[in-house]
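# Structure at a glance
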Amino acid sequence: MFKQRVVTGMILALAVFGAIAFVNSELLAVLVLIMLLVGGWEWANLVGIQNNAARAGYLILTAAACAAVVWFAPLNLVAIYAGTAWWTFVVVLLSFIRHVPHGASPLHYLLKAAGPPVLAVLLASIYWIHQQGWQWLFYLVLLTSLADTGAYLSGKTFGKRKLAPELSPGKTLEGLFGALLFSGVAAAAAGKIFGLPLGDGVYLVLLSLLVVVVSVFGDLFESLLKRAAGAKDSGHILPGHGGILDRVDSLTAAAPVFALGLRYMH
């Protein structure tokens, strides 16, 4: 399983970073849209939409929302602002959840309704960031990957205090501190590499730390989605990694916050 996970991860990394660096923003948006439609299929399954016709309708709604926020320019930034507001709400929501209800409940309906807009905001954010320079999107993806690595290593070595045991028993506060340490170092290095003035470099470090914290709630929100469905993974399309949602959960929250922060850095 570990070898399979490593091989899949390497292939994914090459494909993702290659697309970011060598594909224009419009084609990248199409490629990401295709990926997110798979994620939309997984989301529909997790919220109990089993009928194929209903699931197809869910995907059509997701595709329409994604297309609107990318190709109707005024909606692009609106989606980023709305996404940042949504994830602020999620941070508050998850801070108060003490148990995960199963079956019909207000939370279940919220999870069902959230799929298309959350995926659309992710696409809008990716598209906008890439238009500012592919290096910024490269940095964001690398930042979240390094944060995951830092959280894993620190949590594995020092982890004792649970971060959100009702949602993700494996996450610890020590893991979060490790993620912040890794991302802070990465942000400081990126500021030097990008040749940013001191003020912008400090801003990038602070923004990156905020993005990493928010990304944890993107991960926890997907954990909530899976726990409510009684599922371990969102899907099985990626050997050793689960589904598409399992790979983009952190980015769903990180991307709009980073995009909004980047907008005010220039």
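That block above? That's the structure.
All figures in this text were calculated on a predicted structure; none of them were measured in a lab.

Conventions and cut-offs
Residues numbered from 1 in each chain as written. Predicted model: local features only at pLDDT ≥ 70, side-chain atom pairs only at ≥ 80, totals over all residues. Heavy atoms only, no water. Helix = DSSP H or I, 4+ residues; strand = E, 2+ residues; numbered from the N terminus. Rg over C-alpha atoms; globule rule 2.2 N^0.38 Å. Buried < 20%, exposed > 50% of the residue type's maximum accessible area, 1.4 Å probe, protein only. Contact = heavy atoms within 4.5 Å. Areas by Shrake-Rupley, 256 points an atom, 1.4 Å probe, with all protein chains shown as cover. Patch = residues over 30% accessible without salt bridge, like charges linked within 9 Å, V, L, I, M, F, W, Y side chains within 5 Å. Salt bridge = Lys/Arg side-chain N within 4 Å of Asp/Glu carboxyl O. Pairing = 2+ DSSP bridges. Axes fitted to C-alpha atoms, helices over the stretch in contact; angles between N-to-C directions. Parallel < 35°, antiparallel > 145°, perpendicular 65-115°, else oblique. Core = buried A, V, L, I, M, F, W, Y, C linked by side-chain atoms within 4.5 Å. Phe/Tyr/Trp six-rings, centres within 6.5 Å; stacked < 30°, edge-to-face > 60°. Lys NZ or Arg CZ within 6 Å of the ring centre and 35° of its normal.

### A closer look at the overall build of the chain
- When helices and strands are tallied, the chain shows nine helices and two strands.
- Ordered by position in the sequence, the α and β elements of the chain form the string α-α-α-α-α-α-β-β-α-α-α.
- Relative to a compact globule of 266 residues, whose C-alpha radius of gyration would be 18 Å, the chain shows 18 Å and is just as compact.
- Out of the 266 residues in the chain, the part that is buried amounts to 48%.
- For the chain, the proportion of contacts with a sequence separation of at least 24, taken over those separated by at least 6, is 77%.
- About 12,800 Å² of surface is accessible on the chain, with carbon and sulfur atoms providing 72% of the total.

### Quick word on a nonpolar patch on the surface
- Among the surface-exposed residues, L27, V30, L31, I34 and W71 lie close enough to one another that they form a single nonpolar patch of about 450 Å² accessible area.
- With four residues, the single largest contributor to the nonpolar patch is helix α2 (residues 25-46).
- In this fold, L31 is placed in helix α2.

### What about the pairing of strand β2 (residues 168-172)?
- Where strand β1 (residues 162-164) and β2 come together, two bridges link them in antiparallel fashion. Of the residues in β2, the one forming a bridge with A164 is S168.
- What sits between the antiparallel neighbours β1 and β2 is a turn of three residues.

### Topic: the packing of α2 against helix α9 (residues 244-263)
- Packing of α2 against α9 leaves a shortest axis separation of 9 Å and a crossing angle of 105 degrees. Classed by the angle they form, the pair α2 and α9 counts as roughly perpendicular. The residues of α9 that touch α2, namely those facing M35, V38, G39, E42, W43 and L46, are I244, L245 and V248.

### Observations regarding the nonpolar core
- Counting 78 residues, the largest nonpolar core has W43, L94, I129, L140, F221, L224 and F258 as the members making the most contacts within it.
- With 14 residues, helix α5 (residues 106-131) is the largest single contributor of residues to this core.
- When sequence neighbours within four positions are dropped, the list of residues in contact with L140 reads I129, V211, L251, A254, A255 and F258.

### A few points about the pattern of salt bridges
- Using the criterion set out here, one finds four salt bridges in the structure.
- Between E174 and R161 there is a salt bridge, with its nearest N and O atoms 2.9 Å apart. Taken as a pair, E174 in helix α7 (residues 173-193) and R161 in the loop between α6 (134-158) and β1 lie far apart in primary sequence, 13 residues in all.
- A relative accessible area of 45% places R161 in the partly exposed class.
- D246 serves as the salt-bridge partner of K226, at 3.0 Å between the closest nitrogen and oxygen. In this pair, K226 is assigned in helix α8 (residues 198-229) and D246 in helix α9, connecting sequence segments 20 residues apart. A single burial state applies to K226 and to D246, both of which are buried.
- A network of salt bridges, in which partner residues are shared, links E222, K226 and D246.

### Quick word on the packing of aromatic side chains
- Under the counting rule described, the total for this entry stands at 11 aromatic pairs.
- Seen in terms of ring centroids, Y139 and F194 are 6.3 Å apart; in terms of plane orientation they differ by 75 degrees. Their pairing is edge-to-face. Remark: F194 occurs in the loop between α7 and α8 and Y139 occurs in helix α6; sequence separation between them is 55 residues.
- Take Y139: its relative accessible area is 6%, and that puts it in the buried class.
- Each member of the aromatic cluster is reached from another via a ring pair, and the members are W43, W86, W87, F89 and F221.
- Note that R55 overlies the ring of W41, its terminal NZ or CZ placed 4.5 Å from the centroid.

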